[in-house]
Amino acid sequence: MLTQEENDFLTQVGPGTPAGALLRRYWLPVGVHEELSAEHPTKFVRVLGEDLVLFKDKSGRVGLLADHCSHRGASLLYGRVEERGISCAYHGWLYDCEGNILETPPERNDAIMRSVKHTAYPVQSFIGLYWAYMGPSPAPVIPHYDVWVRTDGHRNRYVQPQLDANWLQPMENSVDPAHLQILHQTVIGRGRTPVSTTRGFTDDVESYEFYLNDFGIVKKRTYANGTVDYHPLIFPNILRQGNATQIRVPIDDEHTRIFFVRFTPTEDGSVVDDPDGLPVEFIPSYKQPADRLHPFTKFTMESVQPQDHMAWETQGPRANRATEHLSYSDRGVVLYRRVLKENIERVAQGLDPFGLVRDPDHETIDTNLMESIAQQREGSSARAPTRAPAQA
Ligand code: FES
Ligand SMILES: [Fe+2]
């Protein structure tokens, strides 16, 4: 159980909030390549409670600017992209990707051009995603996790339907291994009938362990038949499971955008010309109506992800942890909250948080990818405790 203040401390993401300051220390995906084109060069994105416009100018540079024009606030979503940046549709103020004001029609106002700097965040294009860094300089680097940098296979990108819930709910789920055998029992049984629907396949599992490694929290399940699986949580906002990373990006305190990046190695280890060349897939809504909240919508519950989205959204737009009752099997959740709190405090002290990488030439980071893939194959042929697509 947390107090309301502790809950706010861990969950709120807007400017000036403690958890928001932590999350701003990491590069976050804010869009996929297909979302910007010559026909549609601008896209509205809300990230960490900030309203922003992602755009590609006619020189091919990609920028991320505050939505409201610095002149009198019209949205830059409707701006016209040009060689040097984006020009507000209302009176034409022209911005470059760094937020410099290059023109102020109808007059030339040097004082404004010198003194006003529009909010702008650096953007990187990497593995078919646009990544933004919204924290203080100097920016770290995007870590070289094996799933993201290997070239001996194909990467697939999926964008989940918007999660209408706070980011911490899916993250806590990532260190909650017990739910797999219960919430997902209709999917993982594959013909078997559970002892009871209350316990699901809980008795398949002998033990759970949690420990910290260099980049996050590993949750380890040991099954009664001797097999073991590991689902690392990459701190602070990524689940590594199977061949995927599930990257949870807070839109604001009550909404989250989730990007899946999967890596499938070639059988013979051969390098692929364009590992990121496969088209992105936008997953349709898991609930009907798609734009309503519980209890005014119904989740399909037909596979793992809709089941997870049901659990996360029905906890509430921002779960009230003052009324929860944690049990022994929630110790991974407790550990994650402790690590999160400690790192929020590190950032408040001006220190780098857990997992931040600054060396651009660092070695590829092994996230247990090959073992996870082997375990998943073994699981699906022998015992089927897991399912390849999308679980937690
Ligand atoms: S509101 Fe954008 S130029 Fe006037
Ligand atoms: Fe799950």
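What you see is a predicted model; the values in this text were computed from it and never measured.

Colleague: Is there a simple way to explain the sheet that holds strand S2 (residues 42-47) in this structure?
Modeller: Strand pairs in the sheet, formed through backbone hydrogen bonds, run parallel or antiparallel to each other. Strand order across the open sheet formed by four strands is S2-S3-S4-S9, with antiparallel pairing between neighbours. Unpaired on one side and paired on the other, S2 and strand S9 (120-121) mark the two borders of the sheet. Note that strand S3 (residues 50-56) and strand S4 (residues 62-66) share five bridges and pair antiparallel. Along S4, the bridge assignment pairs Leu 54 with Leu 64.

Colleague: It is not clear to me how the sheet that holds strand S18 (residues 255-265) should be interpreted in this structure. Could you clarify?
Modeller: Here we have eight strands laid out as an open sheet, ordered S13-S14-S15-S16-S17-S18-S12-S19, and mixed in their pairing. Across the chains shown, the open sheet's two edge strands, defined by having one partner strand only, are strand S13 (205-212) and strand S19 (281-282). Note: strand S17 (residues 244-252) against S18, eight bridges, orientation antiparallel. If you follow Val 249 over to S18, its bridge partner there is Arg 257. Contacts between helix H9 (residues 331-348) and the sheet are confined to S13, strand S14 (216-223) and strand S15 (228-234), with S13 contributing the most and set at about 5° to the helix.

Colleague: Can you help me understand the pairing of S3 in this one?
Modeller: Each regular strand carries side chains that alternate between the two faces of the sheet. Of all seven residues making up S3, five are buried, and the element is well covered by its neighbours. Hairpin connection of S3 to S4: five residues between the antiparallel strands, including Gly 60 at a positive phi of 90°.

Colleague: Explain the domain arrangement of the protein to me, please; I cannot follow it from the model alone.
Modeller: The extent of an interface is frequently quoted as the accessible surface area lost upon association of the parts. One can read the domain layout of the protein as domain 1 (32-132) and domain 2 (146-383). In this structure, domain 1 and domain 2 have C-alpha centres spaced 33 Å apart. Where domain 1 abuts domain 2, roughly 1200 Å² becomes buried across the two surfaces, and 67% of that area is made up of carbon and sulfur atoms. Counting across the domain 1 and domain 2 interface gives three salt bridges. Of the charged contacts, one joins Asp 252 and Arg 46 as a salt bridge, the two residues approaching to 3.2 Å between their closest N and O atoms. Counting across the domain 1 and domain 2 interface gives eight residue pairs in polar contact (both at pLDDT 80 or more). Where the side of domain 1 that touches domain 2 is concerned, the elements lending two or more residues are S2 and strand S11 (129-132). Top contributing element to the side of domain 1 that touches domain 2 by residue count: S2, with three residues. Looking at the side of domain 1 that touches domain 2 residue by residue, the class counts come to seven nonpolar, three polar and four charged.

Criteria and thresholds
- Residues numbered from 1 in each chain as written.
- Chains lettered and ligands numbered in written order.
- Predicted model: local features only at pLDDT ≥ 70, side-chain atom pairs only at ≥ 80, totals over all residues.
- Heavy atoms only, no water.
- Pairing = 2+ DSSP bridges.
- Helix = DSSP H or I, 4+ residues; strand = E, 2+ residues; numbered from the N terminus.
- Contact = heavy atoms within 4.5 Å.
- Axes fitted to C-alpha atoms, helices over the stretch in contact; angles between N-to-C directions.
- Buried < 20%, exposed > 50% of the residue type's maximum accessible area, 1.4 Å probe, protein only.
- Domains from an automatic or database assignment.
- Buried area = accessible area lost by both parts, 1.4 Å probe.
- Salt bridge = Lys/Arg side-chain N within 4 Å of Asp/Glu carboxyl O.
- Polar contact = N/O pair within 3.5 Å; in protein donor to acceptor, adjacent residues only side chain to side chain.
- Nonpolar A, V, L, I, M, F, W, Y, C, P; charged D, E, K, R; others polar.

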